[in-house]
Amino acid sequence: MDFFNKLGDSIVSVTQEAVKKGKGMTDIAKLQHEVRTKEDFCKKQYEEIGRKFYEENKDIIPESYADLFEEIEAANRRIAELREQIAGLKGGVSCPKCGAVVAASASFCSECGAKINDMFEEEDEDETAEAES
Ligand SMILES: [Zn+2]
């Protein structure tokens, strides 16, 4: 009887210890999760600050940012080239605004609604106008 009581007590205390440990782990996991969430948030905010700064300064680039701006521009040019290549392989054209592949005959992008052939039409008109004059 005594043995069973003691066994019962020790089982209870082991269980309580496990619950405590488990709770501790849960608390740590919760805190770590919040750290990651805040880190992700800061990353997005930094990105947004950078994007806004870039947009506001791309016409007159601050000297100390010249290299960073040039790298971004070069990467964006390459992205546009690659999208054109992909669109070509898929038998369409790349939307100049969002990069979606749309039919070469399309007037508007099905994804973002941007005009597709606008740029080319203007160029054609200019060439025609020049040829006529
Ligand atoms: Zn688009």
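On a predicted model such as this, the values are computed, not experimentally measured, just so you know. (Residues numbered from 1 in each chain as written. Predicted model: local features only at pLDDT ≥ 70, side-chain atom pairs only at ≥ 80, totals over all residues.)

We now examine the overall build of the protein. If you tally the helices and strands in the protein, you get three helices and two strands. Of all 133 residues assigned to the protein, the portion counted as buried reaches 5%. Across the protein, every contact between residues at least 6 apart in sequence was considered, and the portion connecting residues at least 24 apart equals 0%. (Helix = DSSP H or I, 4+ residues; strand = E, 2+ residues; numbered from the N terminus. Buried ≥ 20, exposed ≤ 12 C-beta atoms within 10 Å, placed from the backbone. Contact = placed C-beta atoms within 7 Å.)

Within the largest apolar cluster, five residues are counted, these being Val93, Cys95, Val102, Cys109 and Ile116. Filtering out sequence-adjacent residues up to four positions away, Cys95 remains in contact with Ala100, Val102, Cys109, Glu111, Cys112, Ala114 and Ile116. (Core = buried A, V, L, I, M, F, W, Y, C linked by C-beta atoms within 7 Å.)

Averaged over every residue, the pLDDT of the protein is 84; the share at 70 or more is 85%. Within the protein, no element has a lower average pLDDT than helix α3 (residues 118-132), which sits at 46, and none a higher one than helix α2 (residues 66-89), at 94. Per-residue pLDDT stays below 50 along residues 119-133; that stretch engages in one contact with residues further than four places along the chain or on separate chains. (pLDDT = per-residue confidence, 0-100.)

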